[in-house]
Amino acid sequence: MENFEPVIVAFCCHYCAYTAADMAGSQRLAYPANVKIIRVPCSSKVDALHLVKAFEKGADGVYVAGCLEGDCHFKNGNARAARLVENVQKYLDEIGIERERLEMVMMSAGMGYRFAQAATEMTEKIRKLGPSPIHVALVGKENTSQLTGII
Amino acid sequence: MITAERKPLEELIEYLKPFKRVLLVGCNECVTVCAAGGRKEVGLLASGLHMAMLKSGTNVEIREHTLERQCDPEYVNELVSMIDGVDAVMSMACGCGVQEIARRFKDKPVFPAVNTKFMGASERQGVWSERCQGCGDCLLGQTGGVCPIARCAKQLMNGPCGGSTGGHCEIGDDVDCAWALIWERLKALGQEERFVEITPAKDWRPGGGAGPRKIIREDLAE
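Residues numbered from 1 in each chain as written. Chains lettered and ligands numbered in written order. Predicted model: local features only at pLDDT ≥ 70, side-chain atom pairs only at ≥ 80, totals over all residues.

## Re the sheet that holds strand β1 (residues 8-13) of chain A
Through backbone hydrogen bonds, the strands of a sheet pair up, either in parallel or in antiparallel fashion.
Residues and elements named next belong to chain A.
Here comes step 1: Within the open sheet, the four strands sit side by side as β2-β1-β3-β4. Their pairing is parallel. Of all the strands in the sheet, the pair left with one neighbour each is β2 (35-40) and β4 (102-106). With strand direction ignored, the average angle separating the axes of adjacent strands in the sheet is 20 degrees.
Here comes step 2: Judged from the five bridges that link them, β1 and strand β3 (residues 61-66) form a sheet pairing that is parallel. Counterpart to I8 in the pairing with β3 is G61.
Here comes step 3: Seen against the sheet, helix α1 (residues 17-26) touches β1, β2 and β3 and runs at an angle of roughly 110 degrees to β1.
Here comes step 4: Packed onto the sheet, helix α4 (residues 112-129) meets β1, β2, β3 and β4 and runs at close to 160 degrees relative to β3. (Pairing = 2+ DSSP bridges. Helix = DSSP H or I, 4+ residues; strand = E, 2+ residues; numbered from the N terminus. Axes fitted to C-alpha atoms, helices over the stretch in contact; angles between N-to-C directions. Contact = placed C-beta atoms within 7 Å.)

## Points about the pairing of strand β4 (residues 88-91) of chain B
All names here are of chain B.
Here comes step 1: Sheet topology note: the strand β2 (residues 21-27)/β4 ladder contains four bridges and is parallel. Across the sheet, residue L24 finds its bridge partner in β4, namely M90.
Here comes step 2: The pairing of β4 with strand β5 (residues 110-112) spans three bridges and is classified as parallel. Pairing of S91 across the sheet is with P112, part of β5.
Here comes step 3: Regarding topology, helix α6 (residues 95-104) serves as the crossover connection from β4 to the parallel β5, and that connection is right-handed. (Right-handed = clockwise from strand over helix to strand, strands pointing away.)

## Observations concerning the nonpolar core
Here comes step 1: Counting 89 residues, the largest nonpolar core has C13, A17, A65 and F115 of chain A together with L24, V31 and M92 of chain B as its most contacted members.
Here comes step 2: Element by element, the count of residues in this core is highest for helix α3 (residues 39-56) of chain B, at eight residues.
Here comes step 3: Those residues in contact with V31 of chain B that sit more than four places away from it in its chain are A4, A36, G37, G38, M92, A93, C94 and V114 of chain B.
Here comes step 4: In this structure, C152, C177, I182 and W183 of chain B belong to the second largest nonpolar core, which totals 11 residues. (Core = buried A, V, L, I, M, F, W, Y, C linked by C-beta atoms within 7 Å. Buried ≥ 20, exposed ≤ 12 C-beta atoms within 10 Å, placed from the backbone.)

## Some remarks on the packing of α1 of chain A against α4 of chain A
Residues and elements named next belong to chain A.
Here comes step 1: With their axes 7 Å apart at the nearest point, α1 and α4 run at an angle of 95 degrees to one another. When the interaxial angle is binned, α1 and α4 end up roughly perpendicular. Contact residues: A17, A20, A21, M23 and A24 in α1; G112, R114, F115 and A116 in α4.
Here comes step 2: Considering only residue class, the contact of α1 with α4 consists of seven nonpolar, one polar and one charged. (Parallel < 35°, antiparallel > 145°, perpendicular 65-115°, else oblique. Nonpolar A, V, L, I, M, F, W, Y, C, P; charged D, E, K, R; others polar.)

What follows is the structure in C-alpha cells.
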C-alpha cells in the first residue's frame, strides 16, 4: 500500500480544462503524472458508461472537468455533466465503490494553476482512500501498481 | 409508452448468485426511450453487476445483447444462438418482454431487471407521467382529452371530489386534479355543458375485470 500510485482518469472539456492543462504546461506548473487526460468536446459529452467503464477497468479515481458555471461553450453542458456525475455517484454507492472517487470540477481555459491544483488534490485524496476495490480485485492486493498497463 | 425503472442492484445480484454465465437482454423500444433498459442501460448494468460481484469475490460472466423488440417472438428468436451458452437470462424489458423470453426458452430461468411502471407520456426530459390505464373503453372524447381513470386518484367518473384544491389533488401538491384539468379544457373548448352530464358507472370488464384480455385480428392472424 505504501507504494500505491493511483490511476486517475480525467475527462477534460476541450474549451476549458484541456486548454487549462496546456496552460499549466506552459506555466511550468507541475501536476501528478497519475492523471490520464481524455479530451472531450464538452463535459456533457461524457456518458455514465464512460465513467462506470473507467472504474470497471480499474481506475482508482475519475473526474470530469468542465467550464465555470454559466460559461459553457454549448450553453449548459457543464451543468448537465454535474447532474450526471451526481447520478453516477449514487450508482457507485449501490455497487459499493466510495462516491468520493468520482468528482466534477470546473475551471476556465486560463486557469492553469487550477488544473494543476485539481489534479494534485484528486491524486492526494485517492492516495488516502487507497486503491479502488475493483483495482484490488483485478490485480490482487499486493500488485496495485501493475494496473497502469491495463488502462 | 410503457415506462420502467431499474430494480436495486442488490436484488439483481441475489437473482444471479447461483449462476456462472448470464445473458443480459435489453429492448430497443419503450424502455430505451424511458432510459431504463436500452443498449446503454444494458452496458451500465453489466458493468455495475460485474464490479459488485468482483468486489464480493463472485465470478459471474455477463453477456450483453439488445433486441429490437422483446415482446415479439420474431425478435426473441434472435437469442437462439446465444441461449445455450448461458445459465440464465436477465431481461431489461417490460414485463411483456420478460414473459416472451420465458415462453420461448422454457428451460432457462429468466429474471426481470426492471420494475414495469405504467403507460405514460414524457412531460419533459427525464420526467414521465401516467396517462393511460388501458381501461378498454376510452372516454377521452367526453372528458376533453384528459383521462379521469389514469389521472384521478379515485378514478371518479363525475368529479371533482372534495379533495380538489387550487387545481391540485389532496394526495399531493405535485399531482394535478384530473377533473380540474377537464374543466379547464372543456372551458377552453366552449363545451362547459358537458361537465354537468352525469356519466354512468363504468363497465370494468373491458378493462381487465373479465380476466386477461386478448385482441384477435381475423385479417392478420395466422
